[in-house]
Amino acid sequence: MAFAHEFSWSTSRAGTFAACRRRYYHDYYSSWNGWSKEAAPERQQAYMLKKMTRMPQLAGTVLHEALAEYFDRHSEGQEMTADEVLELACSALREGYRESRAGAWRQRPAKYCHLAEHHYEEVCIDESGSNAAEYGKLFIERLRRSVDCFFSAPEMHAAREATAAEMLSVEGRPPGDRANRGFATIQMAETKVFAIPDFAHRNSEQGQPQHVIYDWKTGNPREQDEFQLGVYVFFAMEKWGAKPEDVLAVDAYLTRGEFKSLRFSSERMAGIRDRLEGSLAEMRSLHFDADESMGDPEDFPLIADSGAAECTGCNYRELCGR
Ligand code: SF4
């Protein structure tokens, strides 16, 4: 079955749109259909580059997957220790690194891990000396700190101990329903919006029922984090009929051991909606059907400064000559 190219919105899509229009073009337009053997070579190349990741993102992904497994098993009455969660995450990280180095992604870019560090032969993964080992240790340490925090922080107690009946969602689907991971969307301004909290449970605070939603973070706090939590509150409102004031939204900076808990009033949610709809309208004004054409890349300019920090780790450096 062929997929139709359709417009959708997510905070990460909006972030890419704000950071670099050309990257946005490659992520959502030029790479479209690039998974097909019949696609034009430039589409296939953009798709292969789009599917690349970097070690910081890979570390975040394997941590998310290991925590989802913790919650799935917990909901099934099986407990995982901190060591088991850490081992699951570290094994997946090492496997991803080995897979990328072996290069099977050349045949199946969507199936096998492909690190930008390998693709661009970055000095940090040079295995002739100690660079690669030192670089890998950074992310193992990041995972260790995150798992420690998850298992020891008092702020995580209610999530860790949530019963199956209290759990609302693991990566946007019911706990234990591993086959459906990550496809939950909501509808806003007649557009499909991807807004999936990493974990959510129900509990009561001083007798007041509430929905608690979490976003696991392995990086540093960013300006858009609070906006992203607000979008997740819309998810809670649509999926569970929650009132905004009954939702506690938590940014869990697990690697840093920091937590930011927020409640959004109805007025604040109106501001979040305005920002989302403004972003959506701006993106929609440049939208075209990528099934029909490649569009005009000039409508999506490169960052003017060729030495911009955004370009340094960008997947599309070879397409931009940077
Ligand atoms: S290399 Fe720079 S200009 Fe090109 S897509 Fe990436 S961020 Fe944008």
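Further up the page is the structure itself.
Residues numbered from 1 in each chain as written. Predicted model: local features only at pLDDT ≥ 70, side-chain atom pairs only at ≥ 80, totals over all residues. Heavy atoms only, no water.

Our next topic: unusual backbone geometry. Phi is mostly negative for residues that are not glycine, and the peptide bonds are mostly trans. Despite not being glycine, Asn33 has its phi angle at roughly 70°, a positive value. The residue Asn33 is located in the loop between helix 2 (21-30) and helix 3 (41-50) in this model. A residue is classified by how much of its surface remains accessible, and Asn33, at 29% relative accessible area, is partly exposed. For Ala189, which is not glycine, the phi dihedral falls at a positive 45°. (Helix = DSSP H or I, 4+ residues; strand = E, 2+ residues; numbered from the N terminus. Buried < 20%, exposed > 50% of the residue type's maximum accessible area, 1.4 Å probe, protein only.)

Our next topic: the site of the ligand. In the vicinity of the ligand, the residues found are Cys20, Arg23, Leu302, Ile303, Glu310, Cys311, Cys314, Cys320 and Arg322. At a threshold of 2 Å from the grid points, most atoms of the ligand map onto the largest cavity. Residue composition of the shell around the ligand, grouped by class: six nonpolar, no polar and three charged. (Near = heavy atom within 4 Å. 1 Å grid on protein atoms, 1.4 Å probe; cavity = no way out; pocket = protein on both sides within 12 Å on 5 of 7 lines; lining within 4 Å. Sits in = over half its atoms within 2 Å of the grid points. Nonpolar A, V, L, I, M, F, W, Y, C, P; charged D, E, K, R; others polar.)

Tracing the backbone shows Ala133 in helix 7 (residues 131-152). According to the relative accessible area criterion, Ala133 is partly exposed, its value standing at 47%. It is 25 Å that separates the C-alpha atoms of Ala133 and Tyr253, two residues lying 120 residues apart in sequence.

To continue, consider the environment of Val233. Positionally, Val233 belongs in helix 9 (residues 224-240). Looking at Val233, the relative accessible area reads 0%, which means it is buried. Sequence-wise, Val233 and Asp246 are 13 residues apart; in three dimensions their C-alpha atoms are separated by 9.7 Å. Setting aside residues no more than four positions away along its own chain, Val233 makes contact with Ile213, Pro244, Val247, Ala249, Phe264 and Met269. (Contact = heavy atoms within 4.5 Å.)

In this section: the layout of surface pockets. Put simply, the second largest pocket is a space of about 240 Å³. Around the second largest pocket sit 14 residues that line it, and Trp35, Lys37, Gln107, Arg108 and Pro109 are the ones nearest its centre. (Points joined across faces, edges and corners; volume = space filled by probe spheres on them.)

Further remarks concern the pairing of strand 7 (residues 247-253). In terms of burial, strand 7 is a largely internal element, seven of the seven residues being buried. The side-chain alternation of strand 7 yields two buried faces, one formed by Val247, Ala249, Asp251 and Tyr253 and the other by Leu248, Val250 and Ala252. With seven bridges joining them, strand 6 (residues 208-217) and strand 7 adopt parallel strand pairing. Bridge pairing links Lys217 to Tyr253 in strand 7. Handedness of the crossover joining strand 6 and strand 7 through helix 9 is recorded here as right-handed. As defined by bridge partners, strand 7 adjoins strand 8 (residues 258-262) across five bridges and the pair is classed as antiparallel. Residue Asp251 lies in a different strand from strand 8, and its bridge partner there is Lys260. Where strand 7 hands over to strand 8, the hairpin turn is made up of four residues, of which Gly257 adopts a positive phi near 70°. (Pairing = 2+ DSSP bridges. Right-handed = clockwise from strand over helix to strand, strands pointing away.)

On to the pattern of salt bridges. Tallied over the entire structure, the rule returns 24 salt bridges. Where Asp72 meets Arg178, a salt bridge forms, and the shortest distance between an N and an O atom there is 3.8 Å. With Asp72 in helix 4 (residues 55-75) and Arg178 in the loop between strand 2 (167-170) and strand 3 (185-188), this residue pair connects regions lying 106 residues apart in the sequence. Since its relative accessible area comes to 31%, Arg178 is described here as partly exposed. Bridged by salt links that share partners, the residues Glu69, Asp72, Arg73, Glu76, Arg173 and Arg178 form one connected network. (Salt bridge = Lys/Arg side-chain N within 4 Å of Asp/Glu carboxyl O.)

Within the largest apolar cluster, 42 residues are counted, with the highest numbers of intra-cluster contacts made by Phe71, Leu143, Phe199 and Trp216. Once you skip the residues sitting within four places of it in the chain, Leu143 turns out to touch Ala59, Val62, Leu63, Leu86, Ala89, Cys90 and Leu93. Grouped together as the second largest cluster of nonpolar side chains are 38 residues, Phe17, Ile186, Ile213 and Leu280 included. (Core = buried A, V, L, I, M, F, W, Y, C linked by side-chain atoms within 4.5 Å.)

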